[in-house]
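Architecture at a glance
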Amino acid sequence: TVLELWHSRTLKALLVFSLLSPLAALTLASLFLVDIGKVYMDGVAGISQMLAMVYLLFLVITLLSRDIYQRVCYILLTPPVNRRDYLIGRLLGVTFIFLIILATLFVSGALAGWVVISEKTVFFRSGYEWSNLAVMLFFHFFQYISIIGFIFFIVSWSSGEPESMLFTVALLVFSWVFPPV
């Protein structure tokens, strides 16, 4: 799963975007006079949510739906590999790649924040700490891991990509309306 996702152009575009997107958050933060750090953290949080949505909709769903269309899951679900091992392997691979995307965003976000926001006085940079950035991305990681687990449940019972995409979008809307506590 990791190699299959690693060779995807969409994943490479997501990694490049996660490297360059903190610059957009810094540009947004520079438009404000005070609380530059908080605006920057909000920008990185929005970017993290957007990266997670794109990853779920354009990589995870297409990967699992391609297994259904090409009947890869039926070939692999012969006696040597059971269904549980197949789904756990896919889930671990998808989770690992998502962790790489968020780690890339954390490194680039912490570096950009260290270079630009750290030189401001405490009054202007309030709200920014690299530890707060790490905790925020950590909680986003667990929020979307639960959604990925539910997507695997949806895809294991769906008949194809349109149905999987519809239920995943409904799940994302539901998770935004009722965010986890």
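Scroll up for the structure.
Residues numbered from 1 in each chain as written. Predicted model: local features only at pLDDT ≥ 70, side-chain atom pairs only at ≥ 80, totals over all residues. Heavy atoms only, no water.

**Quick word on the pattern of salt bridges**
Keep this limit in mind: Whenever Lys or Arg places a side-chain nitrogen within 4 Å of a carboxyl oxygen from Asp or Glu, that contact is recorded as a salt bridge. Only DSSP runs of H or I covering at least 4 residues are called helices, and only runs of E covering at least 2 are called strands; the numbering of each starts at the N terminus. Between buried and exposed lies partly exposed: a residue is buried under 20% and exposed over 50% of the maximum accessible area for its type, with that area taken using a 1.4 Å probe on protein chains only.
Scanning all chains against the criterion turns up two salt bridges. Across the salt bridge formed by Lys-38 and Asp-42, the nearest N and O atoms sit 3.0 Å from each other. Placement of both Lys-38 and Asp-42 in helix H3 (residues 36-69) is noted, with a separation of four residues, approximately one turn of the helix. A relative accessible area of 43% places Lys-38 in the partly exposed class. By relative accessible area, which is 43% here, Asp-42 ends up partly exposed.

**Some points on the packing of aromatic side chains**
Two aromatic rings, taken as a pair, are described by how far apart their centres are and by the angle between their planes. What counts here: In this scheme Phe, Tyr and Trp rings, the latter by its six-membered ring, pair at centre separations within 6.5 Å, and the angle between planes marks the pair as stacked below 30 degrees, edge-to-face above 60, and tilted otherwise.
Applying the stated criterion across every chain yields a total of six aromatic pairs. On the basis of an interplanar angle of 15 degrees and a centroid distance of 5.9 Å, the ring pair of Phe-98 and Phe-141 is categorised as stacked. Residue Phe-98 is found in helix H5 (residues 83-117), and its partner Phe-141 is found in helix H6 (residues 130-157); the two are separated by 43 residues along the sequence. A centroid spacing of 4.7 Å and a plane angle of 75 degrees characterise the contact between Phe-138 and Phe-142, whose relative ring orientation is edge-to-face. Placement of both Phe-138 and Phe-142 in helix H6 is noted, with a separation of four residues, approximately one turn of the helix. What makes Phe-142 partly exposed here is its relative accessible area of 45%. Cluster of aromatic residues (ring-pair linked, three or more members): Tyr-55, Phe-98, Phe-138, Phe-139, Phe-141, Phe-142 and Tyr-144.

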